[in-house]
Amino acid sequence: MTPVYEGPFELLLNLILKEEVELYEVSLSTIVDRFLVEMEQLEDLDLELATEFLLIASILVELKTRRLLPGRDRLDLDEEFGLWEQRDLLLARLLECKTFKDAAVVLRGLAASAAMSWPRRSGLEERFLGMAPDLLEGVTADDLHDAFLRAMAPRPSVHVDTEHIAPIRVSVADAVVALVSEIPRSGSVTFRHLTRSLVDRIEIVVRFLAVLELYKQGVVEIDQLGAFGDIHVGWRPGADPSDVDLVDAYEG
Amino acid sequence: MSMEEQATVGSWSGEVRRAVEAILMVAIDPVPANLLAQLLEVSTKIIEGECEALAAEFEAENRGFVLVRVAGGYRFQSHPDQGPWVERFVLEGQSSRLTAAALETLAIVAYKQPVSRAQVSAIRGVDVDGVIRTLQQRGYIDEISRDPGPGNAVMFGTTQEFLERMGLDVLDDLPPLGDFVPGPEVVEALERGLRSDPEVATAEASSDGAPSESPEG
Amino acid sequence: MSMEEQATVGSWSGEVRRAVEAILMVAIDPVPANLLAQLLEVSTKIIEGECEALAAEFEAENRGFVLVRVAGGYRFQSHPDQGPWVERFVLEGQSSRLTAAALETLAIVAYKQPVSRAQVSAIRGVDVDGVIRTLQQRGYIDEISRDPGPGNAVMFGTTQEFLERMGLDVLDDLPPLGDFVPGPEVVEALERGLRSDPEVATAEASSDGAPSESPEG
């Protein structure tokens, strides 16, 4: 049996971070393919776990497909937003998963060093036993019976759990309003600057969509010097901020 | 009878120490400072001072045992460096090393408490009922409240036993969760791994132009 | 590793003392000198010498505890003149109810007797030494036999006192378990507890400490 992955996050985390050694080799395609291969090899996958794996796999496959698609102009903005949101939630959950994995390592260390000491548990000496309170006060034979059943109870069977983190609701329209008040004032700013105050990645994604929207409406110019370089957003000379359509359709 | 009445002025502090030593010797659980204060009729501050002084004394005398503050109370325990000898002695007893899954679940409960099964499960991406049950059976976690919202989900938190097993006095002694938030290189790696931007893909493939903010040298 | 090998000549005696202190601090019952000698790989004579020296040390330092030789072994206990404070602690500082965990331990002994510490511990998933000790001290359970297998583990059962407290005539009056069948992991735990392979026992005991439970409070 292949290494037992506790869940899809762990598997994905492992696949991506293993690639970290060669950052330039990181390829979505490889990751998706390996994820699918690992999934196939998982034995005794119960329905719930299988669903989780499938859910993640479908997001990955969609991301991969999108990457292979030429001509992004034809993409529906809503659809793209949805995919970005999914990807972003996935990212957020991977980060959370990694955070607690690292915290668990520290707990293991704490427990290990605490285990080097044994507590004194000798208890009362004989001369004090007579005055100790009767611990069985009020305990009935039925209590004992129930306690025994509790102690011997098998672990509960797996139950269906479909709860997922609720997506954060942020609107592209609000982001457009914010940008329209900011960009003309500064003339040209970097996307990094425009998102400096944002914490949630989904907010950054939404802001990026808002920039794309302004670009589509022809009021801003976008320039990026090289892959991963800062994205410069400049207000197009002569464009009137009051002409901007507030894109209610993209809300939420 | 109070400590002040019983002891002569000169040895008053010494008497508090002796009583603390005697009580801790018969106690099975860590004894809170305020309970000692109540029993000995002195202030909690005095108890804390005496216990610290005692702990320092045993340390200075290079004893094989230590007096520690753990899970909100004081107790005697064997010195960590005597672990190998004590282990030889304590042959019986069930080893119950926690699995990685149990530790991760425990970490989530410790940092997110009160937290429901469903919330833990959502973070881990797997069903956690069995693990939660095990941790509860072992006394590391327990039901501490009910979610007031619909469903009244059981909310879990860590116990005194957890603090004892981790050698912590209070929960705040846990390193802050912020310490574990992945660094920028991990975030970047994850982002890259999930990047779906075709332009970037092309750029990567043809590797034209070094990216200005690559984390790699 | 023996004491002689481990310690430098100058601190050799000190190292024996520290190990003795550590072991006696965590021991539940008085520890015979020859057991200490065997564990620390020195002669019984040396152990007796060190223990006497230690006892004198604590006496001279006017500690609240003493090291005494009792029932064929050495143990720490509270100083006789601290009796009044310990009494206060017993009467006011301790819970008068068994915890749910302690009740489960008692229930396992009641229904599964004769049963060893290791077996109970395997079922409960935690170290039960402290609880067993308390239950025994209170007279609810007692050693009723020895496991005939290697290791000769002590087997526990309930006492006449227990029956009286529960208002039962004979053990068979305990509520029947019906067609209750323990889950597979319980069966496995029992089997593991019954397996008297000393090597396995040692290996298990020496991995990182079982969580233990406290019987009270």
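For clarity, every value in this text was computed on a predicted model and none was experimentally measured. (Residues numbered from 1 in each chain as written. Chains lettered and ligands numbered in written order. Predicted model: local features only at pLDDT ≥ 70, side-chain atom pairs only at ≥ 80, totals over all residues. Heavy atoms only, no water.)

(A) Summary view of the packing of helix α6 (residues 100–112) of chain B against helix α7 (residues 117–124) of chain B. Residues and elements named next belong to chain B. Following both chains from N to C, one finds α6 and α7 inclined at 120 degrees, their axes separated by 10 Å at the closest point. Considered as vectors, α6 and α7 are oriented oblique to each other. When the axes of α6 and α7 are compared, the crossing they make is right-handed. Across the interface between the two elements, Ala101, Glu104, Thr105, Ile108, Val109 and Lys112 from α6 touch Val120, Ile123 and Arg124 from α7. (Axes fitted to C-alpha atoms, helices over the stretch in contact; angles between N-to-C directions. Helix = DSSP H or I, 4+ residues; strand = E, 2+ residues; numbered from the N terminus. Parallel < 35°, antiparallel > 145°, perpendicular 65-115°, else oblique. Left-handed = near helix turned anticlockwise from the far one by under 90°. Contact = heavy atoms within 4.5 Å.)

(B) Molecular detail of the sheet that holds strand β4 (residues 141–146) of chain C. All names here are of chain C. Strand order in this open sheet of 3 strands is β3-β5-β4, and the pairing throughout is antiparallel. Among the strands making up the open sheet, the edge pair consists of β3 (115–116) and β4. Sheet topology places β4 next to strand β5 (residues 154–158); 5 bridges connect them, and they run antiparallel. Bridging across to β5, Glu143 finds its partner in Phe156. Lying over the sheet, helix α6 (residues 100–112) contacts β3, β4 and β5, oriented at roughly 95 degrees with respect to β5. (Pairing = 2+ DSSP bridges.)

(C) View of the confidence of the model for chain A. Residues and elements named next belong to chain A. Across chain A, the average pLDDT comes to 75, with 76% of residues at or above 70. Per-residue pLDDT, averaged within each element of chain A, yields its smallest value for helix α9 (residues 201–216) (76) and its largest for helix α6 (residues 141–152) (87). Scored below 50 in pLDDT, residues 155–168 makes 30 contacts in the model with residues more than four places away or belonging to other chains. (pLDDT = per-residue confidence, 0-100.)

(D) Local environment of the sheet that holds strand β5 (residues 154–158) of chain B. Residues and elements named next belong to chain B. Strands sit in the order β3-β5-β4 across an open sheet of 3 strands; the sheet is antiparallel. Looking at strand neighbours, the two that pair on one side only are β3 (115–116) and β4 (141–146), the edges of this open sheet. Here 2 bridges tie β3 to β5, and the two strands are oriented antiparallel to one another. Note on β5: the bridge partner recorded for Ser116 is Met155. Lying over the sheet, helix α8 (residues 129–137) contacts β4 and β5, oriented at roughly 105 degrees with respect to β4.

(E) Focus on the packing of aromatic side chains. Enumeration over the complete set of coordinates arrives at 14 aromatic pairs over all chains. Measuring from centroid to centroid gives 5.0 Å for Phe58(C) and Phe65(C), while their planes differ by 65 degrees, and the two rings are edge-to-face. On the basis of relative accessibility, which here comes to 0%, the residue Phe65(C) falls in the buried class. Their ring planes at 65 degrees and their centres at 5.7 Å tell us that Phe58(C) and Phe76(C) sit as a pair that is edge-to-face. One end of the pair, Phe58(C), is in helix α4 (residues 44–60); the other, Phe76(C), is in strand β2 (residues 73–78), and 18 residues separate them in sequence. You can call Phe58(C) buried: its relative accessible area is 1%. Phe76(C) sits in the buried class, given a relative accessible area of 1%. Of the aromatic side chains, those joined through ring pairs into one cluster are Phe58(B), Phe65(B), Phe76(B), Phe58(C), Phe65(C) and Phe76(C). (Phe/Tyr/Trp six-rings, centres within 6.5 Å; stacked < 30°, edge-to-face > 60°. Buried < 20%, exposed > 50% of the residue type's maximum accessible area, 1.4 Å probe, protein only.)

(F) View of unusual backbone geometry. Residue and element names in this part refer to chain B. For the bond from Gln113 to Pro114, the omega torsion is -5 degrees, close enough to zero to count as cis. Considering the arrangement of structural elements, one finds Pro114 in the loop between α6 and β3. At Ala71, a residue that is not glycine, the phi angle is positive and equals roughly 50 degrees. By the element assignment, Ala71 lies in the loop between β1 (65–70) and β2 (73–78).

(G) Expanded view of helix α2 (residues 12–26) of chain C. All names here are of chain C. Here α2 spans 22 Å end to end across 15 residues, near enough to the 21 Å set by a 1.5 Å rise per residue. With respect to burial, α2 is a largely interior element, 11 of its 15 residues being buried. Looking only at α2, the buried set comprises Glu15, Val16, Arg18, Ala19, Val20, Glu21, Ala22, Ile23, Leu24, Met25 and Val26. (Expected span 1.5 Å × (residues − 1).)

(H) The arrangement of the pairing of β5(C) in detail. β5(C) sits mainly inside the fold: 5 of its 5 residues count as buried. Across the two faces of β5(C) the burial is the same, with Val154(C), Phe156(C) and Thr158(C) and Met155(C) and Gly157(C) all buried.

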